[in-house]
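Below, each chain spelled out in residue letters.
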Amino acid sequence: MLVLASNNSNADAARFRAAGLPIYKPFEFGRKATLPDGRSVEVAFALAFTSDPAITHAAFFTCHNKFPDNFWKPEFQRHANGASVIREAVVVASHPAALSKFLAGFAGGPVSEIAGGIVAECSSQRVSVLTPATFSKRFGGSVFATEHGPRLAAIVVEAAQPPADITIGADASGLTIAWNAPTQGSPDYSETVRVDV
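Here the structure is a predicted model, which means the values were calculated and not measured. (Residues numbered from 1 in each chain as written. Predicted model: local features only at pLDDT ≥ 70, side-chain atom pairs only at ≥ 80, totals over all residues. Heavy atoms only, no water.)

## Here's the deal with the side chain of S9
Line of reasoning, step 1. The topology assignment puts S9 in helix α1 (residues 9-18).
Line of reasoning, step 2. Of the residues examined, S9 reaches a relative accessible area of 7% and is grouped as buried.
Line of reasoning, step 3. Discounting chain neighbours no more than four positions away, the residues touching S9 are A46, L47, A48, T62 and H64. (Helix = DSSP H or I, 4+ residues; strand = E, 2+ residues; numbered from the N terminus. Buried < 20%, exposed > 50% of the residue type's maximum accessible area, 1.4 Å probe, protein only. Contact = heavy atoms within 4.5 Å.)

## Observations concerning α1
Line of reasoning, step 1. All buried positions along α1 are accounted for by S9, D12, A13 and F16. End-on, the buried residues of α1 take up no more than an arc of 100°, which puts them together on one face. Exposed residues pointing more than 90 degrees away from the buried face of α1 are listed as N10, R17 and A18.
Line of reasoning, step 2. Those residues of α1 that are buried lie in contact with β1 (2-6), β3 (40-50), β4 (60-65) and α3 (100-107).
Line of reasoning, step 3. A distance of 3.0 Å separates the backbone nitrogen of N10 from a side-chain oxygen at the start of α1, and that oxygen is part of N8.
Line of reasoning, step 4. Positive backbone phi, at 80°, marks G20, one or two positions downstream of α1. (Arc of directions from axis to C-beta. Polar contact = N/O pair within 3.5 Å; in protein donor to acceptor, adjacent residues only side chain to side chain.)

## Observations regarding the side chain of T167
Line of reasoning, step 1. Secondary-structure assignment places T167 in strand β10 (residues 166-167).
Line of reasoning, step 2. Once residues lying within four places of it in the same chain are set aside, the contact partners of T167 are A172, L175, T176, I177 and W179.

## Structural notes on the packing of aromatic side chains
Line of reasoning, step 1. Within the structure shown, the criterion is met by 11 aromatic pairs.
Line of reasoning, step 2. Between F60 and F102, the ring centres sit 4.9 Å apart and the planes meet at 75°, which makes this aromatic pair edge-to-face. One end of the pair, F60, is in strand β4; the other, F102, is in helix α3, with 42 residues separating them in the sequence.
Line of reasoning, step 3. Given the relative accessible area of 4%, F102 is considered buried.
Line of reasoning, step 4. The interplanar angle of 75° and the centroid separation of 5.4 Å between the aromatic rings of F60 and F106 together place this pair among those described as edge-to-face. Note that F60 is positioned in strand β4 and F106 in helix α3, a separation of 46 residues in sequence.
Line of reasoning, step 5. For F60, a relative accessible area of 3% corresponds to the buried category.
Line of reasoning, step 6. One aromatic cluster is present, formed by F27, F29, F45, F71 and W72 through successive ring pairs. (Phe/Tyr/Trp six-rings, centres within 6.5 Å; stacked < 30°, edge-to-face > 60°.)

Printed below as a string of structure tokens:
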């Protein structure tokens, strides 16, 4: 599943509908949580789902965290390797351009063509769709078959002390992980062309 942060799941569902994407019954849930200091607080989330019939091995939704101050705790978000943010999620597809309409509607922003694929910017993160050959070249020879349709294939994680350049999918539950130090920044997509969908 690929989830994007949201401030309003109802607005996301309306955006999906306006883009001609399928929408599903909203899903909301919450509970009382006990903080380390013993205080009882509320945590609650609202999700908006959509899909593309070409992508049968993944689900897509947005998540509105209604009480972020009660949920996100810096002391619980520290990792030994200094991981701080997922910069990019990568889908592999034989024909990336065929997913332009879906990606624009899901991400809520413009889609650009890049060498061997397409990309949608989501604030300081991005969602990319790459051909198998481009994916393999970029991710150290990693291979994802697409005979059953597009697949979620990789994430790019920013970490202060990256444990490796690339963790292959076989060592990470099937999802390739590319590690970037903060000073390295994101991949260079300077040669992008806006795609109207």
